[in-house]
Amino acid sequence: VQEEKIFAGKVLRLHVCTMEGAEWLEEVPEDTTVEKLKERCLKHCLPGSLEDPKTVTHHKLIHATSEKVLTDTKTVLEENIQDRDVLLLVRKRAPTLLPKMSDVVAEEKRKQEQKAPDKDAILKATANLPARSVDRTVTHHNMRDFQTELRKILVSLIEVAQKLLALNPDAVELFKKANAMLDEDEEDRVDEIALRQLTEMGFPESRAVKALRLNHMSVTQAMEWLIEHADDPSVDAPLPGQAPAEAPAEGAASSAEAAAGPSSEEGREEAKDELTEIFKKIRRKREFRPDPRAVIALMEMGFDEKEVVDALRVNNNQQNAACEWLLGDRKPSPEDLDKGIDTNSPLFQAILENPVVQLGLTNPKTLLAFEDMLENPLNSTQWMNDPETGPVMLQISRIFQTLNRT
C-alpha cells in the first residue's frame, strides 16, 4: 500500500454549479487548493479552456451558503468547506476601462457649454437693455408699508366708528348682541369632552384645563404633558400672558339703572356711558393673547415675560420673528402699534370720503372686524371674505394702492 494513500486526507464530495445552469459533483481531498479545484471545474464545464492561462484567473469559486469568495492559495480545509457543500463557479466581471483623455476633455467642454452664466455675465449682457420689470424689493417694501399703514388706519377708523355708532339710538342693543356673540365665540373655551376625559383619569380640573390649552385641546398630548410635569412645582401656575377670569361685566347693572332713569336726558347719558363700557369690554375680549408655548420657549432663553409678550404682539405670535425682534433693535415698538394715522392726511380723507366706507362705519360688525384685525392681523382674510366687511376692506386697500402710486 502506498504511503500517500495511507495518510491521505479526507475526500469531500462537493456540488458545483455554474451561471449557465450546469451542475455536477466533484470529489476532492480536503488538502486540495482552491486553484486546483477551480481548474478541475473548468475542465469539466469548459473543455480546452485551460489553454489560455488567464481563464483560471478570470473565474472564481463562491461558497453558496456563506456567499464567501474562496481564496485560490488556500486549501479546501482552510476555507472550512464541508462535505456536500455547494460551490458556485462564476466568471469575474471585467474591470472598468478608464476613459480616454480625449473623451474626458470633450465631456468637460460640454459641461462648460451647458453651464449657466454667472451674475456678472448676465449684467454685462443686459447692460444696454431698457428696464421693464418692477423691482421686487420695492414691491415687498410697499406690501410691508401697507401692513404698517393699515394698522394705523384701523386705529383711527375705530375712533370714527365709535363716535358714529354712539349717535345711533339702538347702538346699545346692537352692541349687546355683538357682545353676546363674542361670548359664544370665546377663544379660551375649553373642550368639555376632553376636559371630562382628563378629570375622569384623576387629574385636577384646573391643571387639566392648562394642559389642554397648552396642547391645542389634544387629550393625548395634554395627558403626556400632565404626566411629564406631575412633580413640577410650577405646574399649577397660570399660563404666561393669560388674562385672569373677568368679573361679571358692569354693563348689565348700568343697563338696568339706565332703564329706570326718570328723565330722557339722564337716560341718554347713562346709555352713552353703558356704550362706552361695552366698547371697553369688547376691546378687552379682543386684546392680544400670546401663544403660551412661544412665551415659555422664549422665557427659557432668558427673556423677561413682559418683553416676550411685547415681542409676540409686534410679530403676530410668530416665535422666530419675535426672537429676532428681541435680539435686534426692537422696532417697531409696542407703543407704535397704538398710534393712528394723521387724520388730515390725503389718504385718511380719501378713505372717509368713500361711500362704501361711510356706510360700513355705521355697521357694528365693521367695528368688531376692525378691533379683531387690530389685535389679530392673521384674521384679516376672514373679514376680507365676509360679505358685510369685505367691501370696506377692499375699498381701503384700493385707495391706499392708488395714492401710493402717485
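This section reports on the structure supplied with the text. Since the model is a prediction, treat every value here as computed from it, not as a measurement.

A short note on the packing of helix H8 (residues 192-200) against helix H10 (residues 219-228)
Link 1 in the chain: At their nearest, the axes of H8 and H10 sit 10 Å apart, and the two run at 35 degrees to each other. Classified by chirality, the crossing of H10 by H8 is right-handed. Counting all contacts with H8, which are made through Ala194, Gln197 and Leu198, the residues of H10 involved are Val219, Ala222, Met223 and Leu226.
Link 2 in the chain: Here the residues of the contact of H8 with H10 sort into six nonpolar, one polar and no charged.

Quick word on the pairing of strand E3 (residues 59-63)
Link 1 in the chain: Of all five residues that make up E3, four are buried, and the element is covered over most of its length.
Link 2 in the chain: When E3 meets strand E5 (residues 86-91), the two strands line up antiparallel, connected through five bridges. The residue of E5 that forms the bridge with Lys60 is Val90.
Link 3 in the chain: Note: E3 against strand E4 (residues 68-69), two bridges, orientation antiparallel. Across the sheet, residue Ile62 finds its bridge partner in E4, namely Val69.

A look at unusual backbone geometry
Link 1 in the chain: Phi at Asn80 takes a positive value of approximately 60 degrees, unusual for a residue other than glycine.
Link 2 in the chain: You can see Asn80 is positioned in the loop between E4 and E5.
Link 3 in the chain: Here Arg84, not a glycine, exhibits a phi torsion of approximately 70 degrees, which is positive.
Link 4 in the chain: Tracing the backbone shows Arg84 in the loop between E4 and E5.
Link 5 in the chain: You can call Arg84 exposed: its relative accessible area is 55%.

The rules behind these values
- Position labels on residues start from 1 in each chain and follow its written sequence.
- Per-residue local features are limited, in this predicted model, to residues with pLDDT of at least 70; the limit for side-chain atom pairs, both in listing and counting, is 80 or more; totals at the level of whole chains, interfaces and linings are taken over all residues.
- Hydrogen atoms and water are omitted, and side-chain values are computed over all heavy atoms in the structure.
- Axis definition: a line fit to C-alpha positions, over the contact stretch in the case of helices; interaxial angles, taken between N-to-C directions, run 0 to 180 degrees.
- Secondary structure elements follow DSSP: runs of H or I of four or more residues count as helices, runs of E of two or more count as strands, with numbering from the N terminus.
- With the far helix as reference, a near helix turned anticlockwise by less than a right angle produces a left-handed crossing, and one turned clockwise produces a right-handed crossing.
- Working rule for contacts: check all heavy atoms of both residues, and any pair within 4.5 Å makes them a contact.
- Note that Gly is not counted as nonpolar here; it falls among the polar residues with everything else outside the nonpolar set of Ala, Val, Leu, Ile, Met, Phe, Trp, Tyr, Cys and Pro and the charged set of Asp, Glu, Lys and Arg.
- Exposure is judged per residue with a 1.4 Å probe applied to protein chains only, and the accessible area is read against the type maximum: over 50% gives exposed, under 20% gives buried, and values in between give partly exposed.
- When DSSP finds at least two bridges between two strands, those strands are taken to pair.

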